[in-house]
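An overview of the molecular structure
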Protein chains: 4
Amino acid sequence: MEPILGKGAVASYIPALASANPKSFALVLTTLDGTVYKSGDADTPFSAQSISKLFMLTLALEALGSRLWKRVGREPSGNAFNSISQLEYECGIPRNPFINAGALAVTDAVISSAGDHGALDDMLTLVRKASGSSRVRIDPEVAQSEREWGHRNISLGHFMKSFEVIDNDVDQVLNTYFCQCALEMTAIELSRAGLYLANGGSDPISGAKITQPGRATRINALMMTCGHYDMSGDFAFRVGLPGKSGVGGGILCIIPGIGSLCAWSPPLNEAGNSLAGTRALELFARRTGMNVFRN
Amino acid sequence: MEPILGKGAVASYIPALASANPKSFALVLTTLDGTVYKSGDADTPFSAQSISKLFMLTLALEALGSRLWKRVGREPSGNAFNSISQLEYECGIPRNPFINAGALAVTDAVISSAGDHGALDDMLTLVRKASGSSRVRIDPEVAQSEREWGHRNISLGHFMKSFEVIDNDVDQVLNTYFCQCALEMTAIELSRAGLYLANGGSDPISGAKITQPGRATRINALMMTCGHYDMSGDFAFRVGLPGKSGVGGGILCIIPGIGSLCAWSPPLNEAGNSLAGTRALELFARRTGMNVFRN
Amino acid sequence: MEPILGKGAVASYIPALASANPKSFALVLTTLDGTVYKSGDADTPFSAQSISKLFMLTLALEALGSRLWKRVGREPSGNAFNSISQLEYECGIPRNPFINAGALAVTDAVISSAGDHGALDDMLTLVRKASGSSRVRIDPEVAQSEREWGHRNISLGHFMKSFEVIDNDVDQVLNTYFCQCALEMTAIELSRAGLYLANGGSDPISGAKITQPGRATRINALMMTCGHYDMSGDFAFRVGLPGKSGVGGGILCIIPGIGSLCAWSPPLNEAGNSLAGTRALELFARRTGMNVFRN
Amino acid sequence: MEPILGKGAVASYIPALASANPKSFALVLTTLDGTVYKSGDADTPFSAQSISKLFMLTLALEALGSRLWKRVGREPSGNAFNSISQLEYECGIPRNPFINAGALAVTDAVISSAGDHGALDDMLTLVRKASGSSRVRIDPEVAQSEREWGHRNISLGHFMKSFEVIDNDVDQVLNTYFCQCALEMTAIELSRAGLYLANGGSDPISGAKITQPGRATRINALMMTCGHYDMSGDFAFRVGLPGKSGVGGGILCIIPGIGSLCAWSPPLNEAGNSLAGTRALELFARRTGMNVFRN
């Protein structure tokens, strides 16, 4: 791993991420029986960023069921995570829940259905339950930085609003989105939090039912085809596991029926996915044979 | 199934396909031990069309290895199978081997490396070996029809040639491509021919090694992310198996470690994939639990 | 004219415009000697909308000279007035000063150079001087409506800010833009206000120098190639005069060396230009021979 | 002029053009009374290339009248001369007659209406009549080179045929197009041949009526908005005269009511228009005041 560690570029679009240590690295596997296999900086909290889209998607599917797919597609976009062109050709309907525009549509849906405590509280409740950790939090400094430097996302939000694809107040949707991106977790917590997706929607340790089995399966499918922006095909090709990356350098992978795997290394490749994290997962999959496309 | 059978529209871009019986249907599973589970018109030959891209890709990977990926990408396109716009923005490099432009690049590569008998013979040899059937043939009438009505593909070929992405004479590449699309097989033959991809590259019955294990895994990954044009995400979401469709109405699915599945029904959905075939595979996957994203 | 009057659709994206009388019509020619030839509702104030872009462009050229062209291009866009896709491909640099994105870049430049009274005051001062009318005003109700329903423009502004193409605070730029669109004038006032462009930059009546001769010539050129969004070619083809339209139904045309012509009729064609106004100008140009492309 | 002469790059897509002398230069003005003002290599034949599109357009308008506009638009494209993306979004209808796709549609229309001698003979007859020179010819070497290296144009032709926008055999249309591009004329001949467009459609010297007055006016309008590919706006801004460029380095400009102007210098700018030719025309227009946008 040494030659690749530190290569790539730490996300610099917001100051709060630019200061991440490029040498940080963690790889954590949690199996369905709760065993944790960890290496590196497994206990260091980092910014989950787009990995939070998984949890918001879980909430939106619980709230709307298949009606969600009228607001957002489930196809790879063939474009960058923050692209707006396709949105113009397709009348404001985002391609999938994992590009930024799609995540805004999902967050809008969760806001519409959230109870008194709001969408963000619902997400934190879900993540704390799934990860078994009450420490999980929204980093206020990152959230503020997202807001200050979020012109591209603000643009996406108002663009969708102009097509009436967003129901709620755009600023409310954007604020919730900026906060969800600031979700802060450790690799151990993220790895643990992914178990329900490897286990048909239920947490295998607490037994808590987080989503229906069919929805867990389908979220995994979406992670495979759309989880790594415009390098989703490459990730499937190299790693062969459903995964979702974040620009904080984290990647959460699901091994259906076996466990959940989190890699973390801040420097990113050109598509915004962790460079060393992707490589670590590729080696893991090759050496363990844990690849859904292998016999 | 009855309500969906016959819905959709049979491919009509060439006369030779437009005459297909919209009520034809087959579903065939062949397991690694050679057992065949069949229903419907399992013995009726039909035009494999784009499913042939799988076999050409196998040959190209054998010939070029990872150098193939300098000529063609491995990302979903987010566009129709015959789109040319993305090719313009991306300097003539097709997005993946399963859109038409990518298949032309793959065929060009196979032509460059083919021996005395030519790329088409190499493909027929591979398909006959993999399917265990010497009956498999190129339908000359379909090939001729493809050529006559192939303006869109001719356009793609010359477009790529203008970027010097095609090495060989464009007309030779196009002729080979039109012939490979005219590959005629039955659902039983196709199901049998997919076994090497479910078995790490080797035919489990004859023991013949057709490709390396890693390549079989990766072809499966490409089928999952790119195998159904601009509905690849939807297919992964519904079916959860690597698959490749053809406008003749066939779909070949791989169940790694278990077997290979072929559905056939000529009427297509808006993206050019068999409507009833997709639905049959969705029901099969749901009822059997054979879905790589399920625990 | 009768059969075409009332056809097309009054702009409805903001309530303040949707209530315009679809039967309103005016055609006013003011020649360089100050003679006014008028017909119809020549004294009725209406929303100048994008015609105000002409005056902001005049101010921006005075302030920046040719440096303006580093911030905005001068090519027809081949897209709708509010399109964002091209902006993405071209890194946030708008195609020309007359599409919405380009107008935002121009307004940003005027704000940067405006004195104590601000960009909007500068524009009002210029327009009052050019039109010889102190009545000209910003309609506060229209400005407020623009702001409330301005999601597409807000999106464009933040998009450009994300490329650092906008220097000032986005909200300030947008507020100024929403106000400038709410410029309210009569056809007589607009016709009079265009004289400086027909007269080498100087008002032929007061003698006031508004811009340099070369800049007047070039603004006319931009009106010809870009003044009617994605029907600029059609307007040049039919009318043959430099013109700028607004979604309030007004069109201002320049006849170099002769005079300035304003047509007004609220219902619009599919590209957002006055339907009857365009037709009136076409008939005027044909019958008078005032067409820069005619011998 | 000296510093700019020789800058830019001679067209190199075909060998027959790549050998042009980058120091060649001519500027010729012919006034309606037949007076010729010439400088430089005014008698040297060069490849007219896309300037020939003017003459084919004249023939197509004579043959089809306004029905031509069902086959091709009259809007600037906002894209390169050989772009195919817009054609895909717009179902095979080219944006205007001066981009390559549009010229193919025009040539197809001329072929459909041409008499016994064919479209190419019709064009040669028109050009010889308008230029008063029987020397004008198709350079067979250039035509052959166009054919050999014409993959991009072949692609455009088949693409349009796939949308059924081309009526005749694609190869026939392409062959005619490759030949028309190989039109060889001197700057004196081209300048003379443009007089009918400056004179309401009639040759002012021979009195021959070549097209109707309204059509001459409209061809001039199209030259202004679409005559220089994706730098048409820039040409209008700098020069202010209707013009049509060719990759052979020629530009033909019309001064309505006064005369016709031909500049020639082979090295091109990034959009494919003569660099020194554009600059010479800009200086000419500025110094003589011959600019349709000036008072």
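In this report, the structure presented in the accompanying data block is examined. Keep in mind that this is a model prediction, so the values were computed, not measured.

This part is about the relation of the copies chain B and chain A. If you rotate chain B by 180 degrees and push it 0.0 Å along the axis, it lands on chain A with an RMSD of 0.0 Å. Taken together, the rotation angle and the small translation identify this as a two-fold axis.

This brings us to the pairing of strand 1 (residues 26-31) of chain A. Residues and elements named next belong to chain A. A large share of strand 1 lies buried, amounting to 6 of its 6 residues. Here strand 1 shows no split at all, with Ala-26, Val-28 and Thr-30 on one side and Leu-27, Leu-29 and Thr-31 on the other all buried. Examined bridge by bridge, strand 1 and strand 2 (residues 36-40) share 5 bridges and lie antiparallel to one another. By the bridge assignment for strand 2, Val-28 is matched with Lys-38. Between the end of strand 1 and the start of strand 2, which pair antiparallel, lie 4 residues, with Gly-34 showing a positive phi angle near 95 degrees. Relative to strand 8 (residues 259-264), strand 1 runs antiparallel, the two sharing 6 bridges. By the bridge assignment, Thr-30 is partnered in strand 8 with Ser-260.

Attention now goes to helix 11 (residues 213-226) of chain B. In this model helix 11 of chain B runs 20 Å from its N-terminal to its C-terminal C-alpha over 14 residues, within 8% of the 20 Å that 1.5 Å per residue would give. For helix 11 of chain B, every residue scored as buried is listed here: B:Arg215, B:Ala216, B:Thr217, B:Ile219, B:Asn220, B:Ala221, B:Leu222, B:Met223, B:Met224, B:Thr225 and B:Cys226.

Residues and elements named next belong to chain C. Along the chain, Ser-24 falls in the loop between helix 1 (15-18) and strand 1 (26-31). Judged by relative accessible area, which is 9%, Ser-24 ranks as buried. Apart from residues lying up to four places away in sequence, Ser-24 is in contact with Asp-41, Trp-264, Ser-265 and Pro-266.

Turning to the sheet that holds strand 4 (residues 137-138) of chain B, a few remarks are in order. All names here are of chain B. Taken in spatial order, the 3 strands of this open sheet run 3-5-4, and their pairing is antiparallel. Looking at the sheet topology across the chains shown, the edges are occupied by strand 3 (46-47) and strand 4. Where strand 4 lies against strand 5 (residues 183-185), 2 bridges are found, and the strand directions are antiparallel. In the sheet register, Ile-138 faces strand 5, and the bridge partner there is Leu-183.

Analysis parameters
Residues numbered from 1 in each chain as written. Chains lettered and ligands numbered in written order. Predicted model: local features only at pLDDT ≥ 70, side-chain atom pairs only at ≥ 80, totals over all residues. Heavy atoms only, no water. Least-squares fit on C-alpha atoms with pLDDT ≥ 70 in both. Buried < 20%, exposed > 50% of the residue type's maximum accessible area, 1.4 Å probe, protein only. Helix = DSSP H or I, 4+ residues; strand = E, 2+ residues; numbered from the N terminus. Pairing = 2+ DSSP bridges. Expected span 1.5 Å × (residues − 1). Contact = heavy atoms within 4.5 Å.

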